[in-house]
Amino acid sequence: MNKKFRVFATCDIGEAIDLLRRRGYEVEVYPHPEAPPKSLIIEKAKSGIDGLITTLRDQIDSEVFEAGKESLKVVAQIAVGFDNINRADANRFKVPFTHTADVLTEATAEFAFFMMGTLARRMWAAEHLTRQNQWGFWHPYLPFLGDEVTGKTVAVIGTGRIGLAFIKKCIGFDMNVLCYDPAYQNDAFVNAVQEIQELRHRRGLVKEKAWIKYVPFEEALRGADFVSVHVPLLRKEESATPTYHLFNERTLSLMKRTAYLVNTSRGPVVDEVAVARALRESWIAGAALDVYEKEPLPPDSPLRDPAIADRCRLMPHFASAARITRLSTDPDKGMAGRCVQGLIDVLEGNYGGDVTKIPYVVNKEAFAS
């Protein structure tokens, strides 16, 4: 490699930065844990950097691309989502951007499952009771009871990689599964799961045979004890099947009063005002959220209402926050590794320099002949 590439990273992504430096890259890392101001990103783009490593916190649009039009060759996002990157602007300036899909699939799916169990079994309330020295006796149903997960029915809204991985966790708990996906039905996967469920029943591992099937969205909501959300964020102008505020007052009211909602997908898929109302007025039994319409969660968010605190679990966009998943330099295991590999592939002209063949590039349509 003859050229010494310059890269600015809007946050520290661990040892993967050293991997770039060992390859001869000149890498500057924003030294603070919070997101850098956009003005600084524009300044760095204007200074002649070749690559930009970004997070969901960074707004990357025409201002950034215009500033970097003389040198910026790639934006490498350390996330699956890329709502913060204006795709149309990236295409107009012919800048490919990459993301880190797939490596966080299992970590996110298991976290969604853990959130579901924590919410249903009221673990937060139980621990607070113990820590505050309010646990004074054992009683069959006082001070409260939780709900079992085993054998219940879960609606999985979105059956992409993470949704399917989540289903695999659920079948281990003998759950029935209602699947809904606005774009694609993975019938082969559903058939395989049904075969496994039937085998478990035949071999006497379970007393009741569980089932799995695709159903319409509203049927999934009405029939589920738990609803886990795994769809991408799509707005009306982007898709015929938008997911923005897919969960709103109307759709939340379709759920059972005993049902729980879990969201690890994208914050704006859920109308937070509607969720808070649904909890206050007991339309649903509980909600667990890891993503929000605005991050970090504002101090005045209705989700912070003390009246619903015992039924509303709030996590800090934490689903992929596992050591290997976040920081491994192996692009097949870690987000950091996949992030820098995408950057390297573009800058060093891997895959014959054909951007449309580089695995982690999102906006390949801008480079198709």
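What comes next concerns the included structure. Model, not experiment: these values are computed from the prediction.

### Considering the overall build of the chain
The secondary structure content of the chain amounts to 13 helices and twelve strands. Over its C-alpha atoms the chain spans a radius of gyration of 23 Å, differing by no more than 12% from the 21 Å that the globule rule assigns to 369 residues. In terms of overall dimensions, the chain has a C-alpha envelope of 70 × 45 × 40 Å along the principal axes. Buried residues in the chain amount to 51% of all 369 residues. Put simply, 64% of the contacts in the chain that link residues at least 6 apart link residues at least 24 apart. Counting only carbon and sulfur atoms, one obtains 51% of the accessible surface of the chain, whose full area is about 18,200 Å².

### Here's the deal with the pattern of salt bridges
Scanning all chains against the criterion turns up 24 salt bridges. The partner of Glu28 in a salt bridge is Lys44, and the shortest N-O contact between them spans 2.9 Å. Within this pair, whereas Glu28 is found in strand β2 (residues 26–29), its partner Lys44 is found in helix α2 (residues 38–46), the two being separated by 16 residues in sequence. Judged by relative accessible area, which is 14%, Lys44 ranks as buried. One salt-bridge network, in which partners are shared between bridges, spans Lys38, Asp61 and Glu63.

### What about the side chain of Thr98?
Inspection of the secondary structure assignment puts Thr98 in strand β5 (residues 97–98). When its relative accessible area of 0% is taken as the criterion, Thr98 is described as buried. Other than its neighbours up to four places away in sequence, Thr98 contacts Val74, Val75, Ala76, Gln77, Cys339, Gly342, Val346, Tyr360, Val361 and Val362.

### Focus: the sheet that holds strand β11 (residues 286–289)
Here we have seven strands laid out as an open sheet, ordered β8-β7-β6-β9-β10-β11-β12, and parallel in their pairing. Single-partner strands in this sheet number two, and they are β8 (212–214) and β12 (312–314). On average, adjacent strands in this sheet sit at an angle of 15 degrees to one another, irrespective of strand direction. Bridging between β11 and β12 involves three bridges; their strand directions are parallel. Note that in β12 the partner of Leu289 across the bridge is Leu314.

### Topic: the sheet that holds strand β1 (residues 6–9)
Judged by pairing direction, the sheet is parallel, and its five strands sit side by side in the order β2-β1-β3-β4-β5 without closing on themselves. Taken across any chain shown, the strands that pair with only one partner, and hence form the sheet edges, are β2 and β5. Pairing between β1 and strand β3 (residues 51–54): three bridges, direction parallel. Considered in β3, the bridge of Ala9 is made with Ile53.

### Let's talk about the environment of Phe144
The residue Phe144 is located in the loop between α6 (123–131) and β6 (153–157) in this model. Owing to a relative accessible area of 22%, Phe144 belongs among the partly exposed residues under this scheme. Between the alpha carbons of Phe144 and Leu129 there is a distance of 11 Å; along the sequence they are 15 residues apart. For Phe144, the residues in contact, after removing those within four places along its chain, are Arg122, Ala125 and Ala126.

### Observations concerning a nonpolar patch on the surface
On the surface, Phe137, Tyr141, Leu142 and Leu145 cluster together into a nonpolar patch covering about 450 Å² of accessible area. As for its position among the elements, Leu142 is in the loop between α6 and β6.

### Section: the nonpolar core
Of all hydrophobic cores here, the largest spans 36 residues; its most connected members are Ile157, Val227, Phe247, Leu252, Met255, Leu261 and Val275. For this core, the secondary structure elements donating two or more residues are β6, β7 (176–180), α9 (217–223), β9 (226–229), α11 (272–280) and β11. Ranked by residue count, the leading element in this core is α11, at five residues. Those residues in contact with Val227, other than ones at most four positions away along the chain, are Ala155, Ile157, Leu221, Phe247, Met255, Tyr260, Leu261 and Val262. If you look at the next biggest cluster of nonpolar residues, it comprises 31 residues, including Val149, Phe166, Ile167 and Ile171.

About the cut-offs
Residues numbered from 1 in each chain as written. Predicted model: local features only at pLDDT ≥ 70, side-chain atom pairs only at ≥ 80, totals over all residues. Heavy atoms only, no water. Helix = DSSP H or I, 4+ residues; strand = E, 2+ residues; numbered from the N terminus. Rg over C-alpha atoms; globule rule 2.2 N^0.38 Å. Buried < 20%, exposed > 50% of the residue type's maximum accessible area, 1.4 Å probe, protein only. Contact = heavy atoms within 4.5 Å. Areas by Shrake-Rupley, 256 points an atom, 1.4 Å probe, with all protein chains shown as cover. Salt bridge = Lys/Arg side-chain N within 4 Å of Asp/Glu carboxyl O. Pairing = 2+ DSSP bridges. Axes fitted to C-alpha atoms, helices over the stretch in contact; angles between N-to-C directions. Patch = residues over 30% accessible without salt bridge, like charges linked within 9 Å, V, L, I, M, F, W, Y side chains within 5 Å. Core = buried A, V, L, I, M, F, W, Y, C linked by side-chain atoms within 4.5 Å.

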